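# Architecture and fold: a report
Okay, here's what each chain looks like letter by letter:
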Amino acid sequence: MGLAALAPAVASAIVRLPLTSASKKLRNCGLRAKLNDDEDDPLLQAAINRASLRLQETRRPDPLFLDQYAGCFVPDNIPMDMGRYLRHYCLATKFVDDKLLMTMNDRDRLRQVVLLTDGMDTRPYRLGWPNSTLIFDVSPERVFRKAAKKLEDVGAKIQKGCLFLRVPLESSDIQQILCNKGFNGNRPSIWALQGLPLMTLGSFEVILSIVSNLAMKGCLFLGELPAWETEAEAGIKSSTQARMEKIFMGNGFRVELNSYSEVAAKLGRELAPQDYKGLLFVAEQLRFSDDQMENWRREFQRIEEEGDEEGFEEL
């Protein structure tokens with residue numbers, strides 16, 4: 001099924017659009033990079049910059065996480081800042097890592113993970129996934145292809161017993177391709193957003209609607225919201241949480257927003273003194289997935305047909 005309408009920020013009811021309409025909205029939200037040279041590719045450069053931050057964190061004496069593959073993406077001439085302050089992006093990476101693994105380990109039937117990334121996300125390779133986990137990555141194709149080659153060159157392997165599946169962000173129908181590759185809306189899943197190039201609030205709503213259509217009731221969607229939301233709310237920060245709660249609820253999710261400072265304090269870390277734009281979130285699906293609704297429809301139809309047959313026999 002399709003994606004949320006972009007014109008209103010949120011509708012009072014959950015609206016599902018045709019897949020063709022959803023595809024057009026994704027393209028119109030600026031999610032495609034039509035560039036020729038690597039140095040002129042902002043999506044590639046942004047992904048490399050994020051990888052450099054993960055590499056810097058990995059090299060610290062007391063790192064929040066270890067990314068043994070980040071270095072294969074980073075050119076030698078990129079400066080390393082090994083100051084004492086924790087980067088917001090690295091804190092968000094730790095936040096997402098911990099939420100993913102904790103939820104996967106706490107829920108026995110949870111074996112579907114969808115990562116919405118910049119194309120250089122190494123979680124499929126570096127995290128300890130439960131056996132039989134299906135890991136889906138949605139990211140820009142050009143960045144992913146370059147990253148995959150570098151990971152292959154350094155011998156990175158997906159954990160034995162797990163399966164890694166790719167869906168290009170530029171796909172005309174992300175939702176259908178996920179299903180074609182084996183995603184099952186009748187089974188639990190967890191979705192994580194970090195680094196996916198969402199240029200506008202509208203493009204985020206497109207992705208949110210995909211998650212809403214595919215995720216079973218009770219599933220989690222978590223991660224880091226991009227800068228546009230807090231920039232749009234400049235000067236009226238008190239309305240940010242209410243606005244985001246309304247957007248998530250309009251797509252069937254109850255959301256909890258987390259501040260970077262609160263997460264850093266829990267870890268006993270000091271954040272870098274910078275005006276970082278973004279929000280950490282964890283959202284729970286409150287409605288049934290499209291597949292669950294289709295199952296209910298079929299079951300209801302079967303019961304109706306059996307009732308009609310019994311009534312005919314009595315006559």
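Residues numbered from 1 in each chain as written. Predicted model: local features only at pLDDT ≥ 70, side-chain atom pairs only at ≥ 80, totals over all residues. Heavy atoms only, no water.

## Looking at the overall build of the chain
When you go through the chain residue by residue, the secondary structure sums to eleven helices and seven strands. The buried share of the chain, taken over its 315 residues, is 50%. If you take every contact in the chain between residues at least 6 apart in sequence, the share linking residues at least 24 apart comes to 76%. (Helix = DSSP H or I, 4+ residues; strand = E, 2+ residues; numbered from the N terminus. Buried < 20%, exposed > 50% of the residue type's maximum accessible area, 1.4 Å probe, protein only. Contact = heavy atoms within 4.5 Å.)

## Thoughts on the packing of helix α2 (residues 42–58) against helix α3 (residues 88–106)
Relative orientation of the contacting elements α2 and α3 amounts to 80°, with a least axis distance of 9 Å. The angle between α2 and α3 falls in the class roughly perpendicular. Here R50, L53, R54 and E57 of α2 come into contact with α3, specifically with Y89, C90 and T93. Within the contact of α2 with α3, the residues separate by chemical class into three nonpolar, one polar and three charged. (Axes fitted to C-alpha atoms, helices over the stretch in contact; angles between N-to-C directions. Parallel < 35°, antiparallel > 145°, perpendicular 65-115°, else oblique. Nonpolar A, V, L, I, M, F, W, Y, C, P; charged D, E, K, R; others polar.)

## A closer look at the pattern of salt bridges
What the rule picks out here adds up to 19 salt bridges. A salt bridge links R142 to D41; its shortest N-O distance comes to 3.7 Å. Of this pair, R142 sits in helix α5 (residues 141–153) while D41 is found in the loop between α1 (19–28) and α2, placing the two residues 101 residues apart along the sequence. Note on accessibility: R142 and D41 belong to one class, buried. One continuous salt-bridge network, built from bridges that share partners, spans R54, D67, D97, D121, R123 and R126. (Salt bridge = Lys/Arg side-chain N within 4 Å of Asp/Glu carboxyl O.)

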